[in-house]
Amino acid sequence: MIAIPASDRAFALRRSRLIMNGSHPVEVRDQAIKVLWDYDPRYVKNTYAEHLTLACDARAPALVRASAIDWLIAHTASTDQLGQRRLDLIRAGLMTVGEPD
């Protein structure tokens, strides 16, 4: 866990969210993801779970699924082996549930 003083925490979280929305090197994005997981885990877990569910739901419109997959790609650290494995399974269509409408 990265030690961030309480007085700087709000700024660090805001900066990390801005980094996630921009195009930055992998190391910088991984650091931002770590800050978000360390200091706002409930929000990140809930949002990650929502996007994972949407990405795997065959009944969801294609654009919604693609957007969820893009979000997962952007918010999964390059060193996160479980997250990278999930992305591989989603891309291969092996985690898809339900039948398309």
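Not measured: the values here are computed from a predicted model.

A. Structural context of the overall build of the protein chain. Counting its regular elements, the protein chain contains five helices and zero strands. Put simply, the protein chain runs from its N terminus to its C terminus through helices and strands in the order α-α-α-α-α. Projected onto its principal axes, the C-alpha coordinates of the protein chain cover approximately 50 × 20 × 20 Å. In the protein chain, buried positions account for 35% of the 101 residues.

B. A look at the pattern of salt bridges. Tallied over the full model, the rule gives four salt bridges. Across the salt bridge formed by Arg91 and Asp88, the nearest N and O atoms sit 3.3 Å from each other. Residue Arg91 and its partner Asp88 are located together in helix H5 (residues 81-92), separated by three residues, close to a single helical turn. The class for Asp88 is partly exposed, based on a relative accessible area of 41%.

C. Summary view of the packing of aromatic side chains. Applying the stated criterion to the full structure yields two aromatic pairs. The rings of Trp37, Tyr48 and Trp71 are connected pair by pair, giving a single aromatic cluster. In this arrangement the basic side chain of Arg17 is found over the ring face of Tyr43, its NZ or CZ atom lying 5.4 Å from the centre.

D. Just the environment of His75, in detail. With respect to the helices, strands and loops of the structure, His75 is situated in the loop between helix H4 (62-74) and H5. Expressed as a C-alpha distance, the spacing of His75 and Arg65, which sit ten residues apart in the sequence, is 15 Å. Apart from residues lying up to four places away in sequence, His75 is in contact with Met20, Arg29 and Ile33.

Scoring rules and cut-offs
Residues numbered from 1 in each chain as written. Predicted model: local features only at pLDDT ≥ 70, side-chain atom pairs only at ≥ 80, totals over all residues. Heavy atoms only, no water. Helix = DSSP H or I, 4+ residues; strand = E, 2+ residues; numbered from the N terminus. Buried < 20%, exposed > 50% of the residue type's maximum accessible area, 1.4 Å probe, protein only. Salt bridge = Lys/Arg side-chain N within 4 Å of Asp/Glu carboxyl O. Phe/Tyr/Trp six-rings, centres within 6.5 Å; stacked < 30°, edge-to-face > 60°. Lys NZ or Arg CZ within 6 Å of the ring centre and 35° of its normal. Contact = heavy atoms within 4.5 Å.

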